[in-house]
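Breakdown of the fold
Here is how the chains run, residue by residue.
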Amino acid sequence: ALVGVLTLAYLLALMVGLLAMAPLFSRFGKRNTMIGGSIISIIGCLIIMINPTSLFVVVVAQIVKGLGQASLTGALWALLPDTIEYGEWKTGIRNEGVLYSGGSMGQKIGNGLGMAFIGWVLSWGGYNGMLSVQPDSAITSIYTIFIYLPIVIFVAQIILLYFYKLDKVYPKIAADLEAKNEGLR
């Protein structure tokens, strides 16, 4: 019954956070801002552990998670143009269509698998939406989906982003491509 309240808290914080992304990306770079956002999201998950049965605590956690996710949401499609520029700089070939369609397909597959995984975990936990009181195994599966699994995913994001070095070389890439394009005019 509280999914709407929790989702609203998350989405409102996400939208407010998105307003701050352009200056944060300019100052700290996309990579560092996304790592910071992942850390903030982990903190949001940890806040829930204080008292997962308290609506106030969970709403505060959702707000923190929403603010953290703003950097990842804001940079998701901003990374693709950087990758396109890098590919053109490295190979001389500009593959916009392939990269955008691949990104779109990856997002759709990821969303589908993510939703299926939620169903599988709830099923393994014995969740039954018709019951007014869920068994302990179902509560554990809900905590896994809502707290523990996101922490694992955010840690994986931090590790992957650690190896993302394009922010450092992008100014050179942009300058080289600009000079190349000026030579073609």
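Residues numbered from 1 in each chain as written. Predicted model: local features only at pLDDT ≥ 70, side-chain atom pairs only at ≥ 80, totals over all residues. Heavy atoms only, no water.

**Things to note about the environment of V60**
Mapped onto the fold, V60 is located in helix α4 (residues 55-76). When the C-alpha atoms of V60 and A9 are compared, they prove to be 8.0 Å apart, with 51 residues separating the residues in sequence. (Helix = DSSP H or I, 4+ residues; strand = E, 2+ residues; numbered from the N terminus.)

**Let's talk about the pattern of salt bridges**
Side-chain pairs of opposite charge can arise where the charged atoms are in close proximity. Counted according to the given criterion, the structure contains six salt bridges. Of the charged contacts, one joins R94 and E88 as a salt bridge, the two residues approaching to 2.5 Å between their closest N and O atoms. Owing to a relative accessible area of 11%, E88 belongs among the buried residues under this scheme. Its salt-bridge partner being E88, residue K180 comes within 3.8 Å of it at the nearest N-O pair. With K180 in helix α8 (residues 166-184) and E88 in helix α5 (residues 79-91), this residue pair connects regions lying 92 residues apart in the sequence. (Salt bridge = Lys/Arg side-chain N within 4 Å of Asp/Glu carboxyl O. Buried < 20%, exposed > 50% of the residue type's maximum accessible area, 1.4 Å probe, protein only.)

Honestly, that's just the spatial picture; any functional story needs more than this.
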